[in-house]
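Below, each chain spelled out in residue letters.
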Amino acid sequence: MRAMSDEVVLSVDGLVKTYRVGFLRKRVEAVKGISFQVHRGEIFGLLGPNGAGKTTSIKAILRLVFPTAGTIRVFGRPPDDPRSMDHVGYMPENPYVYRYLRPLEFLDLCGRLAGLARKERTRRAEEMIDRVGLRHAVDRPIGRFSKGMMQRVGLAQALLHDPELLVLDEPMSGLDPIGRKEIRDILLEQRRKGTTLLFTSHILSDVEMLCDRVVILQRGLITAQGKLSELLAGDVAQAEIELANVTPALRELLASLPDTEAHDAEARTLLTVPDAEVPNALRAALDAGARVVAVRPNRRSLEDLFVAPTTAREPAEPTPPTTAPPA
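All values reported here derive from a predicted model rather than from experimental measurement.

About the cut-offs
- Residues numbered from 1 in each chain as written.
- Predicted model: local features only at pLDDT ≥ 70, side-chain atom pairs only at ≥ 80, totals over all residues.
- Heavy atoms only, no water.
- Helix = DSSP H or I, 4+ residues; strand = E, 2+ residues; numbered from the N terminus.
- Contact = heavy atoms within 4.5 Å.
- Areas by Shrake-Rupley, 256 points an atom, 1.4 Å probe, with all protein chains shown as cover.
- Pairing = 2+ DSSP bridges.
- Axes fitted to C-alpha atoms, helices over the stretch in contact; angles between N-to-C directions.
- Buried < 20%, exposed > 50% of the residue type's maximum accessible area, 1.4 Å probe, protein only.
- Phe/Tyr/Trp six-rings, centres within 6.5 Å; stacked < 30°, edge-to-face > 60°.

A look at the overall build of the protein chain
Okay, step 1: Looking only at helices and strands, one finds 11 helices and 13 strands in the protein chain.
Okay, step 2: Counted over contacts in the protein chain with a minimum sequence separation of 6, partners at least 24 positions apart contribute 71%.
Okay, step 3: Entry remark: accessible area of the protein chain is about 16700 Å², with carbon and sulfur atoms responsible for 51%.

Encoded structure:
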């Protein structure tokens, strides 16, 4: 069991990635100077709509593309140091596999590339097939797999060498609700072992269940960053009170409270009350014999953060460093 700590496993500082596209070599700024850290043992979400820069950031971290500017450290080393990648597992959004191979053959190939001894990679491959739920298809060529089954193969190869940092790009893509729950259970099991996870996802319910901290990107900029519980809490200025057995006189009294709105819905009365007026509204309702069904603070949802317009200011134009050649 790996201990959870405040140790920084991944550090990204001022990451910029600019592509040149088309005949005129037009500049496209995919990532515009983002910075964040991922600590050992946490599940960290990299979120944002299509084109926000999530996959580009992951590819820069894994040295699959060269950053235009910025500094990246994986286990304290730059990504071009082979030792920094020895303990990293990666699952791309669309896993590339040799379609004529069967799952165990493919995992054996991945184990050889990871430097596992024959006995160890055979044992790990058998374990991973069972862990991702592909035992029933072990004799079938991967080319005949569905999208969801392909995702399971991709996760199996990422876990094969028991990495300390697991990087997953849209791991739930193509999975049905049962498959998503099974994959969530695997990811939570990895976190309990102390594995650090960085993943992207468009499935916000999975993000809320899994992530300790998140970064939200919009057009290559960070618009929100921090613990998910703190980001969603925000400043609670209002609450919704649901009441039953409300008399007309009580409803009129409640509606007279400052900045309070009241409306009826299926024999219930719903009040939107300023935070400071909640005690007064509850006291009046209880004194009048009404029944309090629920009191709900109005908090932001992850969807609110996800679709919020970009408010971050773009950094100044960077000068490309000599250590990382521009694309």
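Moving on from the model shown.
Overview of the sheet that holds strand β1 (residues 8-21)
Okay, step 1: The three strands lie next to each other as β2-β1-β4, forming an open sheet whose pairing is antiparallel. Each edge of the open sheet carries a strand with a single partner, namely β2 (26-39) and β4 (69-74). Here the average twist between neighbouring strands, direction ignored, is 20°.
Okay, step 2: Here five bridges tie β1 to β4, and the two strands are oriented antiparallel to one another. By the bridge assignment, Ser11 is partnered in β4 with Arg73.

Quick word on helix α1 (residues 54-61)
Okay, step 1: Judged by how many residues are buried, α1 sits mostly within the fold: six of eight residues are covered.
Okay, step 2: Taken as a whole, α1 has its buried residues at Lys54, Thr56, Ser57, Ile58, Ala60 and Ile61.

Overview of the environment of Ala267
Okay, step 1: Looking at where Ala267 falls in the secondary structure, it is placed in the loop between β11 (261-265) and β12 (268-274).
Okay, step 2: Residue classification places Ala267 among the exposed positions, given a relative accessible area of 76%.
Okay, step 3: Expressed as a C-alpha distance, the spacing of Ala267 and Ala244, which sit 23 residues apart in the sequence, is 6.8 Å.
Okay, step 4: In contact with Ala267, not counting residues within four places along its chain, are Leu243 and Ala244.

What about the packing of aromatic side chains?
Okay, step 1: Enumeration according to the criterion identifies three aromatic pairs in this entry.
Okay, step 2: Aromatic pair Tyr96 and Tyr98: ring centres 6.0 Å apart, planes at 75°, arrangement edge-to-face.
Okay, step 3: Taking relative accessible area as the criterion, Tyr96 reaches 66% and is therefore assigned exposed.
Okay, step 4: The exposure class assigned to Tyr98 is partly exposed, which follows from its relative accessible area of 37%.
Okay, step 5: Look at Tyr98 and Tyr100: their rings are 6.2 Å apart centre to centre, the planes differ by 55°, and that puts the pair in the tilted class.
Okay, step 6: Taken together, the ring pairs connect Tyr96, Tyr98 and Tyr100 into an aromatic cluster.

As for the side chain of Gln190
Okay, step 1: Here Gln190 lies in helix α6 (residues 177-192).
Okay, step 2: Residue contacts for Gln190: discarding those within four places in its chain leaves Leu159, Thr195 and Leu197.

Here we look at the pairing of β12
Okay, step 1: Burial analysis of β12 places six of its seven residues in the buried class, which makes it a mostly covered element.
Okay, step 2: Bridge analysis of strand β10 (residues 238-244) against β12 gives seven bridges, and the strand direction is antiparallel. Within the sheet, the bridge partner assigned to Ala244 lies in β12 and is Arg268.
Okay, step 3: Examined bridge by bridge, β11 and β12 share five bridges and lie antiparallel to one another. Looking at the pairing, His263 lines up with Leu270 of β12.
Okay, step 4: The hairpin turn running from β11 into β12, its antiparallel successor, is two residues long, and Glu266 in that turn takes a positive phi close to 55°.

Any link to function would need more than the numbers given here.
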